[in-house]
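# Summary of structural features
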Amino acid sequence: MSSRITLKINDQEVTVEKGTRVIEAAKLAGAEIAHFCYHPKLKPDANCRMCLVEIEKMPKLQTSCSTEVSEGMVVQTASEKVLDAQKGVMAFLLGNHPLDCPECDQGGECQLQDFAHQYGAMTSPFGETKRTFEKTYFGPLIEKEMNRCVSCLRCVRYCDEVIGSNALGSMNRGSMHEVGAFAQQELDCEFCGGCIQICPVGALTSRVSMFDYRTWQLKKTETVCNYCGDGCTLTLETVDEDIKRVSSETGVGRNGGDLCARGFFGYGAVNHESRLTRPRIRLNNNDLEVTWEWAYQTVTDGLKAAIQTHGPKAVGGIISAQCTNEEIYLFQKLMRESVGTPHIDSGARFGYINAIAALTDVFGTARLSRYEDISEADCLLVFAGDMTETNPITALKVKDAIRNHKTKLFTVAPYHRKRETYISHLPHLATQHTEISMGSENAAILGFTKAILEGTPSPHTPSDLFEKIKFAVNGISFDQIESATGVSEQAFKDIGAGFANAERGLIIVGRSILRGIEGYQSMLRLAELSILSGQVGRPGTGILALAKESNAFGAVEMGGTPEFLPGFQSLKKEERGYTALEMIDAAARGEIKALYLVGENPLRSLPQKRVAEALKQLDFLICQDLYPTETTALAHVVLPGASYAEKSGRFTNHEGETQKIREAIDPLGNAKPDWQIFSTLINKMKTTEKVPYQKLLGYASVDAVWKEAVMAMPQGWPVLLGSKMQESLAAYAARANVTWLAPEPFVKNGAFDLQVGQSLFHSGKMSTYATGLTTLQDKMMVLMHPEDAERLEIEEEELVQISVEGSDAVIELPVKYSKKLSEGTLFISEHFALEIKKMLPFTTDSTTGVPYGDRGRVSLAKVRVST
Amino acid sequence: MPKYELVLLKNMAQPGYTGSLEAYRQAGGYAALEKVLKERTPADIIEEVKKSGLRGRGGAGFPTGLKWSFIPKDHKGLKYLCCNADESEPGTYKDRQLIERDPHQMLEGLAICCYAIGAERAYIYIRGEFDLGAEVLENAIQEAYRANLFGKDLFGSGVNVDVSVHRGAGAYICGEETALLESIEGKRGKPRIKPPFPAIHGLYQEPTVINNVETLANLPHIINRGAEWFASIGIGKSTGTRVFSVSGHVKRPGNYEVPMGVTLREMIYDIAGGMRGDKPLKAFIPGGASAPMMKPEHLDIPLDFESIKEAGSMLGSGGITVMEEETCIVWAAMNLMEFFHHESCGQCTPCREGSGWVLQILHRIEQGHGREGDIEQLENLCRRIEGKTVCAFGEAEVGPILSSIKHFRAEYEQHIREKCCPFHPNATLSMVH
């Protein structure tokens, strides 16, 4: 049977896919039908009645948004009857609508305005008193002006059908119908901004950009968000050199036009007043604002002096994984070629390297799974209970898979299933959730491995690898695993079988493993688990490791780590330079004398005391950053870099998808795109003559840099999982050293297990400069289960003291209840949590040197108020 | 003695009839259920009901057997029966009496229907205000469960039927069958867009039949006495008896069960005892608030689906509201519109915005602030609501307005011309919204 259907619209024949709605078919036939409630992302609701059309053999007019095409259908979209009906609906919608277009932020891009212009009468027959609502707010960021609402429910439906949050609903009846949060409570949702974006009129608008622009003044630049590794396409909308708002186009980009709070409300960080805008140098303890010429000269002089006196290996560089591919490529070129040092590292060191290094070791590439695989999978095994917080749009893909593709979801995390507020919580949506003890992810992987090994392992597992796994697992009992994880043998077997026997199974892994203890080994074991389950190398399978930073994947691919040259060319152990922390320690020993930091603030990200001691020993510290930090305060040279909004280049997201970012505004003040700074420095390092830096012929554009970077990759770009997988797998199977130690039992001793992690509303430090986001969260809170709080008689918002055994430091924080936490655990979001991180035990990965310091056992007590 | 043989009201007309299970069984109750479970196939029953000509008593008059036959036979999942007991149409109170006074009659019908359509799960969606009805039903259901007339393996047939009562929360729109389904699902009660129809995607997206209380109550009698007997009552395509609720300016308002096809004259002047105070009849509504008004000239029209429709109104829910000479028609129309405006769910534009607009104009006219062109405006607005809404509420709300203008235009004109209501010269009304 053919799936194509031919129908006639306004006497024009058109052939479309079966299941197409008349409104969509009409668009293809060149007839745009006016509508409000219809939206391609949403199921038809046919409530606005604007899109009525005449269909032959049907007595009444039909809503074209809800009517599917059928063979031989004859449709009139502009007959007299149709136009009259549309006029009628317009009259109804405009009857109570206020005449506030001049001050409405939607003016100029309002569907009601546009269709009124097209279909409305010049005068209104409405001569009655208008219905009015008071203006109210959906929480701090969204204004609700019900007088402008056309009750199309797109906001409510988006919140339900797409985000799955259900934070919005309908209230009251008839002409007093309103959209709003349940029982008029203040909105407590993901603040994705989707309701604002999908509103066809000015009923829901952003309070952050209220009255800041008229829509026709906005210049739009499509680019990629830099707040996490999801790689969402968004549009920066600017007036002059100011970002006024962010939008996203339906269906566009890896995110398909959906955004999260950080993407939608987080743009304020770019134009923040505290941005560094001029180069500065420290001269005889004076902090001087200088020209770029002077700054460049100071940098090259400083680097050359260090090389001359101590040799090139006395120089090190660390670059943020929020820089573009081109920048990271140039930075490593500057370090490796111009300076001649192997000591180059990047933000990927803070966990993501564990994924890339392990997956590349096993499969020859880390490009294993894409978002399409999430929807194609029948079963998802997710070791990222906080995915909504860390990677909201990847979490949205998971929600979409469960909802629209009947995908099974197994979550493994130290959380309860319970959802609170209207923020999605994947364990809550899971087919089956495995609640493990905090820090026992590794033991859980062991449990699944053992279960699958004893169940139905894939016959395609290389036999030597199979034997090695079997040998390693042998002698460890499910009882031992249960004592560590709190999960029974049966649960491991059920989920293990569910995953291994699924047609297509995909593993998603987040920071609990990448930044857990020995994350590299955990990733190898997970890779083995996917091989053992036969869930790799086909569509809908593989492993997707979630990146925290927008270009963590690219940072490694471009050569921004000591272990890889561009294109994942693995260096031999003896050729490798130092990792970030090793550089710090080398500085402390006096081995590294000059350090170049780009967007990195080790005083915040690494043990502060250790870093502070080390930085003191340096002869020369260069900081290139967007904002002043604890580290820039110590620098000899501070170079103002440009944010993602002020430059072009490419980010590679955690799928391995490389996407262009585009310059929306000029760099602030005298700041420069980082790639231009590196380009100049590379040239300046070559010459001893004093030539004005503008005369040095650097790269013409980022594209020229990109071309060179790709040429530098001997395996070509990109390396995908292809025919080489088997070869790589066989080699890994032969050399693999599979070890499993019996897991330590999890013993509760009355203390709390604290996890420091990410908040949905922040990403690193940058987001804390965005007013939109600080309005949602501007301080450090400690989350605890209400039952624990009740036991200790602690009220919400009450101050508590947290201390760590073996440290006399104590910090005081207000408490927030959270029912999704397990009893006996605490959670603090890291963005404001400098003090707490100083107290937690710190270790590094034995292979990759990834620093671990997010977890610890702490004591918590009420702050006693002395009377 | 009633003039016509009572069928549905027969038991409760017996002195001392309590409606208990015991009383109902003594009157021959549940024999029909036993008979169908033991002797008849579901297909048989559907055929029998089709032959009887039984049509839905909720308002639309859709042939019941035909409705049942839309349920997919080979459906693998669950099927549902929802009994619509959300009787909220102003002037209609027949289901209430059927529930309160003889609950087992409708429960037996419900069980028969479940068997016929293969549904193991039934819900009775009862109007929120029916406190007593809900209590009576709950008790009756418990009695029936104890006697294994509901639950598992009824009469040893292997057939299971579970039933529970779901109470509404006071929205008229939940009587619309798809809004009713939404409400049972725990959502806001608003009509769904159709297609798909409930027979295919109903409650929880499974095949579902929704039948009115009176419709179900007829089933035991059709089984006991046969389709031919049922079809012999009434006229034309309107078979069986009908319980009419007569209200307004008559001497004896109340529920009366008569064969379909008696005339309105007989209904008002004979059965309901004639006009109160023997005043002249001005207008009447034949089938609940949403049925267009009729005039004395229509008195000899028989009360059956087709004849009333032909005369421009509808038999609807069987609520006959009678208005005498001194009733202000504009006021009456406004009164009805106040109800509809209050009950509009707000889902679709024409009804949400239109009902308030129409009501504002009616308020003005009634208060003596009518303007030239208001009547045309009312007609225009109604035309733009009618046929353009998600559910039949749109037609329902404009019916009384358009019919009152059609039959009593002069009275509207008088209100506007004289700048006051001839019947309520000092009318002051509150603001709409």
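Values in this document were obtained by computation on a predicted structure and should not be read as measured data. (Residues numbered from 1 in each chain as written. Chains lettered and ligands numbered in written order. Predicted model: local features only at pLDDT ≥ 70, side-chain atom pairs only at ≥ 80, totals over all residues. Heavy atoms only, no water.)

### Here we look at the overall build of chain B
- A count of helices and strands for chain B gives 17 helices and 10 strands.
- Relative to the 2.2 N^0.38 estimate, which gives 22 Å for 433 residues, the radius of gyration of chain B is 22 Å and therefore close to what a compact globule would have.
- Principal axes of the C-alpha set define a box for chain B whose edges measure 75 × 45 × 35 Å.
- Out of the 433 residues in chain B, the part that is buried amounts to 61%.
- Only carbon and sulfur atoms are counted for the fraction: they give 52% of the accessible area of chain B, which is about 16,300 Å².
- Placing the 48 positive and 56 negative side-chain charges of chain B at their respective mean positions leaves the two points 2 Å apart. (Helix = DSSP H or I, 4+ residues; strand = E, 2+ residues; numbered from the N terminus. Rg over C-alpha atoms; globule rule 2.2 N^0.38 Å. Buried < 20%, exposed > 50% of the residue type's maximum accessible area, 1.4 Å probe, protein only. Areas by Shrake-Rupley, 256 points an atom, 1.4 Å probe, with all protein chains shown as cover. Lys, Arg positive; Asp, Glu negative; His and termini not counted. Charge placed at Lys NZ, Arg CZ, Asp CG, Glu CD.)

### Some thoughts on the environment of Glu228 of chain B
Residue and element names in this part refer to chain B.
- When you line up the elements, Glu228 lands in helix 11 (residues 227-232).
- The exposed category is assigned to Glu228, whose relative accessible area is 55%.
- Between the C-alpha atom of Glu228 and that of Glu48, which follows or precedes it by 180 residues, the distance is 9.0 Å.

### With respect to the packing of helix 21 (residues 580-589) of chain A against helix 23 (residues 608-617) of chain A
Residue and element names in this part refer to chain A.
- Viewed as axis vectors pointing N to C, helix 21 and helix 23 meet at an angle of 55 degrees, and their least axial separation amounts to 7 Å. In terms of orientation, helix 21 lies oblique with respect to helix 23. Considering how the two elements wind past one another, helix 21 and helix 23 form a crossing that is left-handed. The residues of helix 23 that touch helix 21, namely those facing Leu581, Ile584, Asp585, Ala587 and Ala588, are Arg610, Val611, Ala614, Leu615 and Gln617.
- Broken down by class, the residue content of the contact of helix 21 with helix 23 amounts to seven nonpolar, one polar and two charged. (Axes fitted to C-alpha atoms, helices over the stretch in contact; angles between N-to-C directions. Parallel < 35°, antiparallel > 145°, perpendicular 65-115°, else oblique. Left-handed = near helix turned anticlockwise from the far one by under 90°. Contact = heavy atoms within 4.5 Å. Nonpolar A, V, L, I, M, F, W, Y, C, P; charged D, E, K, R; others polar.)

### A look at the packing of helix 15 (residues 349-366) of chain B against helix 17 (residues 393-418) of chain B
Residue and element names in this part refer to chain B.
- Put simply, helix 15 and helix 17 touch, their axes get as near as 12 Å, and they point 20 degrees apart. Comparing the axis directions of helix 15 and helix 17 gives the class roughly parallel. Crossing handedness for the pair helix 15 and helix 17: left-handed. Across the interface between the two elements, Cys351, Ser355, Val358, Leu362, Ile365 and Glu366 of helix 15 pack against Phe393, Glu397, Ile401, Tyr412, His415 and Ile416 of helix 17.
- Looking at the contact of helix 15 with helix 17 residue by residue, the class counts come to eight nonpolar, two polar and two charged.

### A few points about the domain arrangement of chain B
All names here are of chain B.
- The assigned domain composition of chain B is domain 1 (11-232), domain 2 (242-324) and domain 3 (329-418).
- Of the roughly 870 Å² buried where domain 1 meets domain 3, counting both sides, 69% is carbon and sulfur surface.
- The largest per-residue losses of area from domain 1 upon contact with domain 3 belong to Tyr172, Ile173 and Pro191, which jointly make up 50% of the total buried on that side.
- Joining domain 1 to domain 3, the criterion identifies zero salt bridges.
- At the junction of domain 1 with domain 3, the criterion picks out three residue pairs in polar contact (both at pLDDT 80 or more).
- Of the residues belonging to the side of domain 1 that touches domain 3, the class tally is six nonpolar, three polar and four charged. (Domains from an automatic or database assignment. Buried area = accessible area lost by both parts, 1.4 Å probe. Salt bridge = Lys/Arg side-chain N within 4 Å of Asp/Glu carboxyl O. Polar contact = N/O pair within 3.5 Å; in protein donor to acceptor, adjacent residues only side chain to side chain.)

### Some details on the side chain of Lys672 of chain A
- Within the secondary structure, Lys672 of chain A sits in the loop between strand 29 (658-661) and helix 24 (674-686).
- Only 3.3 Å separates the side chain of Lys672 of chain A from the side chain of Tyr693 of chain A, close enough to count as a polar contact.

### Considering helix 17 (residues 489-500) of chain A
Residues and elements named next belong to chain A.
- The terminal C-alpha atoms of helix 17, which comprises 12 residues, lie 16 Å apart, in line with the 16 Å expected from a rise of 1.5 Å per residue.
- Taken as a whole, helix 17 has its buried residues at Ala491, Phe492, Ile495, Gly496, Phe499 and Ala500. The buried residues of helix 17 all sit within an arc of 140 degrees when viewed along its axis, so they share a single face.
- In the core, the buried residues of helix 17 are packed alongside strand 18 (379-383), strand 19 (408-413), strand 20 (432-435), helix 14 (441-454), helix 16 (478-485) and strand 21 (505-509). (Expected span 1.5 Å × (residues − 1). Arc of directions from axis to C-beta.)

### Section: the interface of chain B and chain A
- In this complex, chain B contributes 35 residues to the contact, which on the side of chain A involves 37 residues.
- The partner of Arg173 of chain A in a salt bridge is Glu343 of chain B, and the shortest N-O contact between them spans 3.3 Å.
- Across the contact surface, chain B and chain A share 20 residue pairs in polar contact (both at pLDDT 80 or more).
- For the side of chain B that touches chain A, the secondary structure elements donating two or more residues are helix 14 (329-343), helix 15 and helix 16 (374-385) of chain B.
- Broken down by element, the residue count for the side of chain B that touches chain A peaks at nine residues, all from helix 15 of chain B.
- Its residues assigned to classes, the side of chain B that touches chain A comprises 11 nonpolar, 13 polar and 11 charged.

### So, the environment of Thr136 of chain A
Residue and element names in this part refer to chain A.
- Residue position: Thr136 is located in strand 6 (residues 136-138).
- Thr136 sits 44 residues away from Gly180 along the chain, and the two C-alpha atoms are 9.7 Å apart.
- In this structure, Thr136 is in contact with Glu143 and Lys144, ignoring residues within four places of it in sequence.

### Quick notes on unusual backbone geometry
- In this model, Trp717 of chain A is joined to Pro718 of chain A through a cis peptide bond whose omega is -10 degrees.
- Relative to the assigned elements, Pro718 of chain A resides in the loop between helix 25 (702-711) and helix 26 (724-735).
- Cis geometry is adopted by the peptide bond preceding Pro196 of chain B, which originates at Pro195 of chain B and carries an omega value of 0 degrees.
- Within the secondary structure, Pro196 of chain B sits in the loop between helix 9 (177-184) and strand 4 (208-212).
- A positive phi angle, close to 50 degrees, is found at Asp240 of chain A, a residue other than glycine.
- You can see Asp240 of chain A is positioned in the loop between strand 12 (233-239) and strand 13 (242-247).
- With a relative accessible area of 66%, Asp240 of chain A lands in the exposed category.

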